[in-house]
Amino acid sequence: MSATVPVVERVLSANDAVAAEVRARLDEKGIFCINLMASPGAGKTSLIERTVEALKGEIAIGMINGDTSAAAFDAERSQRAGAASVHVNTGGKCHLEAAMVRDALSLLPLDGIRLLLIENVGNLVCPMSWKLGAHVNVLIGSTPEGDDKPYKYPKMYAGVDVVVLNKIDLLPYVEFDCGRFLRGVEALNPGLRTFRLSCRTGEGLEEWFAWLREKARPAR
Ligand code: MG
Ligand code: ZN
């Protein structure tokens, strides 16, 4: 009926092939890589900043930031915090693709990096469909967004390996039922690893750092 569906499938499988290349390169270099996804404003850059500040003395960190424009504020924040950072202008695209990550890798000092944090474009619809070669896909939710997000964006919540709930310091001020949120996550993705934290106050961050230390150990 329409040629659109086969074309889209071809593009996605080409992306998967590049994602496999990216993964092979990361594994060859012993780099553990995380793909961070979230809606705009959930705290991707803040979590990266806090993570780099806390761990840079023990783990060398690289960062790739995808945004829909040339504005490199997020990569600059991460660079200032102490991570070797690359900004990717997706040229208006609402997600990162594996080829963009592959190109960004060539601009990073891979021999000196053990942990690579990828900040995807802020968007809860499509980034999950585009594999990047990361070892772990993380979704950051935040309390002001509401506890209904797992119910409204099931594909994102079902596809990730870890969920981080940020801005728990705002719980007294926003309509957010943690139980409802976590039940929604659990129904889509049973046994999923979850973290509750606040990048602003620091509450809960230690657990996240401990998990990263474990994951980014040289001999994993
Ligand atoms: Mg950001
Ligand atoms: Zn997209």
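Residues numbered from 1 in each chain as written. Chains lettered and ligands numbered in written order. Predicted model: local features only at pLDDT ≥ 70, side-chain atom pairs only at ≥ 80, totals over all residues. Heavy atoms only, no water.

(A) How the structure looks around the pattern of salt bridges. Going through the model one piece at a time under the given rule, you end up with 15 salt bridges. We note a salt bridge from Arg 200 to Asp 169, for which the minimum N-O separation is 2.8 Å. Of this pair, Arg 200 sits in the loop between strand E7 (193-196) and helix H8 (205-215) while Asp 169 sits in the loop between strand E6 (162-166) and helix H7 (178-188); the two residues are 31 residues apart in sequence, bridging distant segments of the chain. The exposure class of Asp 169 is buried, given its relative accessible area of 13%. Within the structure, one salt-bridge network assembled from shared partners comprises Glu 21, Arg 102 and Asp 103. (Salt bridge = Lys/Arg side-chain N within 4 Å of Asp/Glu carboxyl O. Helix = DSSP H or I, 4+ residues; strand = E, 2+ residues; numbered from the N terminus. Buried < 20%, exposed > 50% of the residue type's maximum accessible area, 1.4 Å probe, protein only.)

(B) Spotlight on the nonpolar core. In terms of nonpolar packing, the biggest core is built from 30 residues, with Ile 34, Leu 47, Leu 115, Val 138, Val 164 and Trp 208 touching the most fellow members. Those elements that place two or more of their residues in this core are strand E1 (32-38), helix H2 (44-55), strand E2 (61-67), strand E4 (115-119), strand E5 (136-142), E6 and H8. The biggest single contributor to this core is H8, with 5 residues. Ignoring sequence-local partners within four residues, the contact set of Trp 208 consists of Leu 47, Thr 51, Val 138, Val 164, Phe 195 and Leu 197. Among the nonpolar cores identified, the runner-up in size contains 22 residues, and Ile 31, Leu 105, Ile 113 and Leu 116 belong to it. (Core = buried A, V, L, I, M, F, W, Y, C linked by side-chain atoms within 4.5 Å. Contact = heavy atoms within 4.5 Å.)

(C) Local environment of the packing of aromatic side chains. Considering all chains together, one arrives at 5 aromatic pairs under this definition. Seen from their ring centres, Tyr 157 and Phe 181 are 5.9 Å apart, and the 85 degrees between their planes marks the pair as edge-to-face. On the criterion of sequence distance, the pair formed by Tyr 157 in helix H6 (residues 154-159) and Phe 181 in helix H7 is long-range, its members being 24 residues apart. Note on accessibility: Tyr 157 and Phe 181 belong to one class, buried. Between Phe 176 and Phe 181, the aromatic rings sit 5.3 Å apart at their centres with planes inclined by 45 degrees, giving tilted as the arrangement. Overall, the relative accessible area of 11% leaves Phe 176 in the buried class. (Phe/Tyr/Trp six-rings, centres within 6.5 Å; stacked < 30°, edge-to-face > 60°.)

(D) Examining the coordination of the magnesium ion (ligand 1) more closely. Distances from the magnesium ion (ligand 1) to its protein donors, namely Thr 45 (OG1), Asp 74 (OD) and Glu 119 (OE), fall within the range 2.0 to 2.2 Å. Counting the intervening residues between successive donors of the magnesium ion (ligand 1) yields the motif T-x28-D-x44-E. One end of the pair, Thr 45, is in helix H2; the other, Glu 119, is in strand E4, and 74 residues separate them in sequence. Like Glu 119, Thr 45 is buried. (Donors = N, O, S within 2.8 Å, 3.2 Å for Na, K, Ca; no water.)

(E) Expanded view of the pairing of E7. The pairing of E6 with E7 spans 4 bridges and is classified as parallel. Each residue of the ladder has a partner; that of Val 164, found in E7, is Phe 195. One crossover worth recording links E6 to the parallel E7 by way of H7, and it is right-handed. (Pairing = 2+ DSSP bridges. Right-handed = clockwise from strand over helix to strand, strands pointing away.)

(F) Highlighting the pairing of E4. In terms of burial, E4 is a largely internal element, 5 of the 5 residues being buried. Neither face of E4 is open: one carries Leu 115, Leu 117 and Glu 119, the other Leu 116 and Ile 118, and all of them are buried. Sheet analysis places E1 next to E4, joined by 5 bridges and oriented parallel. Across the sheet, the residue bridging to Phe 32 is Leu 115, located in E4. Pairing geometry for E2 and E4, over 5 bridges, is parallel. If you follow Met 63 over to E4, its bridge partner there is Leu 117.

(G) Geometry of the side chain of Ser 78. Positionally, Ser 78 belongs in helix H3 (residues 73-81). The buried category is assigned to Ser 78, whose relative accessible area is 1%. Polar side-chain contacts of Ser 78 include one of 2.8 Å to the side chain of Ser 85. Contacts of Ser 78, omitting those with residues within four sequence positions, involve Ile 48, Val 52, Met 63, Ala 83 and Ser 85. (Polar contact = N/O pair within 3.5 Å; in protein donor to acceptor, adjacent residues only side chain to side chain.)

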